[in-house]
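# Summary of the model geometry
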Amino acid sequence: MSKKMFTRVLIALSFLVAAVFFLLSELMPETFGGFNLAWAGVIFAGISGLALLFSAIGTKNSTALKKMQILLSAVLLVVAAVCLVSALAIPENLVLPIILVILAAMLVIGLLITGGKKWDEGDNHKAGYKNYYQRKAEEEKNKQDEEDR
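Quick notes on the rules
- Residues numbered from 1 in each chain as written.
- Predicted model: local features only at pLDDT ≥ 70, side-chain atom pairs only at ≥ 80, totals over all residues.
- Heavy atoms only, no water.
- Patch = residues over 30% accessible without salt bridge, like charges linked within 9 Å, V, L, I, M, F, W, Y side chains within 5 Å.
- Areas by Shrake-Rupley, 256 points an atom, 1.4 Å probe, with all protein chains shown as cover.
- Salt bridge = Lys/Arg side-chain N within 4 Å of Asp/Glu carboxyl O.
- Lys, Arg positive; Asp, Glu negative; His and termini not counted.
- Charge placed at Lys NZ, Arg CZ, Asp CG, Glu CD.
- Helix = DSSP H or I, 4+ residues; strand = E, 2+ residues; numbered from the N terminus.
- Core = buried A, V, L, I, M, F, W, Y, C linked by side-chain atoms within 4.5 Å.
- Buried < 20%, exposed > 50% of the residue type's maximum accessible area, 1.4 Å probe, protein only.
- Contact = heavy atoms within 4.5 Å.

### Some details on a negative patch on the surface
- Together, Glu140, Asp145, Glu146, Glu147 and Asp148 line one region of the surface with negative charge.
- Within the fold, Asp148 resides in helix H6 (residues 132-148).

### What about the pattern of salt bridges?
- Within this structure, the stated rule accounts for 1 salt bridge.
- We note a salt bridge from Lys136 to Glu139, for which the minimum N-O separation is 3.8 Å. Of this pair, Lys136 and Glu139 both sit in helix H6, 3 residues apart, which is roughly one turn of the helix.

### Observations concerning the nonpolar core
- Counting 13 residues, the largest nonpolar core has Ile70, Leu77, Val78, Val95, Ile99, Ile102 and Met106 as its most contacted members.
- Of all the secondary structure elements, the ones that give two or more residues to this core are helix H3 (37-58), helix H4 (63-88) and helix H5 (95-114).
- The leading source of residues in this core is H4, at 6 residues.
- Once residues lying within four places of it in the same chain are set aside, the contact partners of Val78 are Ile99, Ile102 and Leu103.

Nothing here speaks to function; it is geometry throughout.
Here it is, written out as structure tokens:
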């Protein structure tokens, strides 16, 4: 199974698990009465955020894709934290620090994973890059060398 497929299946399964538990809490309130929509959000957003984070770690050669996955992962983990705060009735003054810690951790992880590369770094910044005129002159020289043989 490819890495992309694994991530997609994991996200879909997390949504399915959250939906099934929420349905069970409505159908059998005596057994699953403690489960509410906030817990469903924690399950879905938390697992999806972690899956995207691990997918970004495993992605090769695409800095833009890594940064996008890390950003989406950070958003989902913030949503999971807010849902967890709501589900556990944690004091309101802890919400912002939790969100800031998650965002700071994603920033550090993003820098470590991408190596600080810019997502739009072009070929002309790489060593040995030749512009159009240099390539054309080299082509003409090679053509002239072949004709001289």
